Amino acid sequence: MFEHVDFFAGDPILSLVEVFKQDQRSEKVNLSIGVYYDENGKLPLLNSVKQAEEHLVSQHIPSAYLPMEGLLEFRKAAQILLFGEDNPLLKENKIQTVQTLGGSGALRVGAEFLHKYFSDSTVYVSDPTWGNHIAIFEAVGFNVEKYPYYDPETGGIKFEALVEFLKKISEKSIVLLHPCCHNPTGVDLTREEWDTILPIIKERNLIAFMDIAYQGLGDGLEEDAYAIRRAAYLGLSFFVSNSYSKNLSLYGERVGALSVVANTEEEAKLVFSQFQFAIRRLYSSPPFHAGHITSIVMNTPQLYEEWTSEVEGMKLRIREMRQKLYDTLSQNIPNKDFSYFTKQRGMFSFTGLTKEQVLRLRDEFAVYLVENGRMCISALNHHNIDYVANAFSKVLE
């Protein structure tokens, strides 16, 4: 019956985690998977989340189905976090939001909608991007291509090439953008560069789809939303998928949201109804527990203040590890410029290591990176940073 079924070899990053677990060397360090770890190398349970969960449990609320679109209080809080409390578009009901199964679920629901109404469009993703971006949009039937982004020669962005590319692609093309903490490179557009490309996207009648999975871990919760709020201010119609996996450390709860910004309240309602329809066909409704935990944190002033402080601490620890890595590598190899480590933002860094160097790190030093050279900075801590930096130095010499 199933002899003709193709074998799925597994996700390269998740599969690497299993290889890492089997490694018996005591000094091993996993810098591959995109998870925030604390100074002790542990997945943190945020105190704000702990208090919210204790409050929820104390209420003894039956775990009923949520509506297709999710919890109302959650959705409103997601809008404020992304667009700002005083955004006039919220008051005009031109923004609609649904709760989803993490950021991946938000991307899939958005992709389902876009393929239904813009099936002839091409989806463009940054070169490089998170691999699942391509897989999700291809899964619904889109042709996915890449736009110029990372420049390995400079460690920056091919900005002029990006601008020219956006000016040439067809109307209604779908452009997937990273508002902050670009995955996998850590190289973000500046505010001035956003101010250049967003008007082009509007003038060319392109469809922007912004995916923000790391809000708060770049420059701050408010600062990281600049591109989203600027696009809304300029009057673009666009989509935003966001995730709370990282900044709430709720990976296994699968909590995210999908928002649409439309020109009118009526248009926003139409798209919202199609989001509901897609959710009904895919998984019917989002998780009860995740929605309530996030809603309690976001809507309780004391917990929200504590959460913002916790996210700030995560951001600063990542920056400290970037600086420490830069300092040690610069000391070990003084004739090489490692400043890109401190210029990049968020959890990830493109190290510039070749596939051969990555494999050597794994084989000789038990330091695990993704083969394209991406590393998760947040997996570094004061216990392993010197070991990792020295291992890097060995393979770079």
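Everything that follows concerns the structure shown earlier in this document.
Please read these numbers as outputs of a predicted model, since none were measured by experiment.

Rules of the game
Residues numbered from 1 in each chain as written. Predicted model: local features only at pLDDT ≥ 70, side-chain atom pairs only at ≥ 80, totals over all residues. Heavy atoms only, no water. 1 Å grid on protein atoms, 1.4 Å probe; cavity = no way out; pocket = protein on both sides within 12 Å on 5 of 7 lines; lining within 4 Å. Points joined across faces, edges and corners; volume = space filled by probe spheres on them. Helix = DSSP H or I, 4+ residues; strand = E, 2+ residues; numbered from the N terminus. Core = buried A, V, L, I, M, F, W, Y, C linked by side-chain atoms within 4.5 Å. Buried < 20%, exposed > 50% of the residue type's maximum accessible area, 1.4 Å probe, protein only. Contact = heavy atoms within 4.5 Å. Salt bridge = Lys/Arg side-chain N within 4 Å of Asp/Glu carboxyl O.

**Describing the layout of surface pockets**
Step number 1: Roughly 960 Å³ of internal volume is contained in the largest pocket.
Step number 2: Around the largest pocket, the lining comprises 42 residues; the ones closest to its centre are Ile13, Trp130, Asn132, Asn183 and Arg374.
Step number 3: For the lining of the largest pocket, the secondary structure elements donating two or more residues are helix H1 (12-22), helix H5 (102-117), helix H6 (131-139), strand E8 (207-212) and strand E9 (238-243).
Step number 4: Examining the composition of the lining of the largest pocket, we find that five residues originate from one element, H6, more than from any other.
Step number 5: Each pocket or cavity is described by its volume, and for the second largest pocket that value is around 670 Å³.
Step number 6: As for the second largest pocket, its lining consists of 34 residues, and the residues nearest its centre are Gly186, Val187, Asp188, Lys343 and Gln344.
Step number 7: For the lining of the second largest pocket, the secondary-structure elements that each account for two or more residues are helix H8 (191-203), helix H9 (226-234) and helix H13 (340-343).

**Observations regarding the nonpolar core**
Step number 1: Ranked by size, the top nonpolar core spans 106 residues in total, and within it Leu31, Phe238 and Phe392 carry the most contacts.
Step number 2: With eight residues, helix H12 (residues 301-332) is the largest single contributor of residues to this core.
Step number 3: Leaving out residues up to four positions away in the same chain, Leu31 has contacts with Val367, Tyr368, Leu369, Arg374, Met375, Cys376, Ala379, Leu380, Val388 and Phe392.

**Some words on the pattern of salt bridges**
Step number 1: Applying the stated rule across the entire model yields 16 salt bridges.
Step number 2: A salt bridge links Arg229 to Glu222; the nearest nitrogen and oxygen atoms lie 2.5 Å apart.
Step number 3: Salt-bridge contacts for Lys324 lead to Asp386; the nearest nitrogen and oxygen are separated by 3.6 Å. Highlighted residues: Lys324 in helix H12 and Asp386 in helix H15 (residues 385-396), separated in sequence by 62 residues.
Step number 4: Taking the relative accessible area as the measure of exposure, Lys324 reaches 30% and is therefore partly exposed.

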